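As a plain string of letters, each chain reads:
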Amino acid sequence: MTVEVAAKHDYLLLTRINRGDELIHVGTFKAVNDDLAKIYAQHIYDEEDWVEMYVVKKENLVCVRSPEPLFAKE
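The structure presented is a predicted model; accordingly, all values stated were derived computationally and were not measured. (Residues numbered from 1 in each chain as written. Predicted model: local features only at pLDDT ≥ 70, side-chain atom pairs only at ≥ 80, totals over all residues. Heavy atoms only, no water.)

**Q** Can you help me understand the sheet that holds strand β3 (residues 52-57) in this one?
**A** Whether parallel or antiparallel, the strands of a sheet pair through hydrogen bonds between backbone atoms. Strand order in the open sheet formed by three strands is β2-β1-β3, with antiparallel pairing between adjacent strands. Whereas interior strands pair on both sides, the edge strands pair on one side only; in this sheet they are β2 (24-31) and β3. Along the sheet, successive strands turn relative to each other by an average axial angle of 25 degrees, direction set aside. Examined bridge by bridge, strand β1 (residues 9-16) and β3 share six bridges and lie antiparallel to one another. (Pairing = 2+ DSSP bridges. Helix = DSSP H or I, 4+ residues; strand = E, 2+ residues; numbered from the N terminus. Axes fitted to C-alpha atoms, helices over the stretch in contact; angles between N-to-C directions.)

**Q** What am I meant to see in a nonpolar patch on the surface here?
**A** A contiguous nonpolar patch, built from Ile39, Tyr40 and Ile44 and spanning about 260 Å² of accessible area, is present on the exposed surface. Counting through the fold element by element, Ile39 comes out in helix α1 (residues 34-44). In this structure Ile39 comes out as partly exposed when scored by relative accessible area, which is 42%. (Patch = residues over 30% accessible without salt bridge, like charges linked within 9 Å, V, L, I, M, F, W, Y side chains within 5 Å. Areas by Shrake-Rupley, 256 points an atom, 1.4 Å probe, with all protein chains shown as cover. Salt bridge = Lys/Arg side-chain N within 4 Å of Asp/Glu carboxyl O. Buried < 20%, exposed > 50% of the residue type's maximum accessible area, 1.4 Å probe, protein only.)

In structure tokens, the structure reads:
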């Protein structure tokens, strides 16, 4: 008997405490889907009374600029 394990995605959590505040990145975690990511975000990062919370799959970020690697690949 084999058990399939659902692939987990990396998610970023972006929040703001008060209206008008900057949206800030406060954490990263893994989840199998967007619905679970929302639940994890609410329960893991409940130390503040956030006015807004957003989760974004890391793979959906669009790179504009990236630093050069610190070490050359051989």
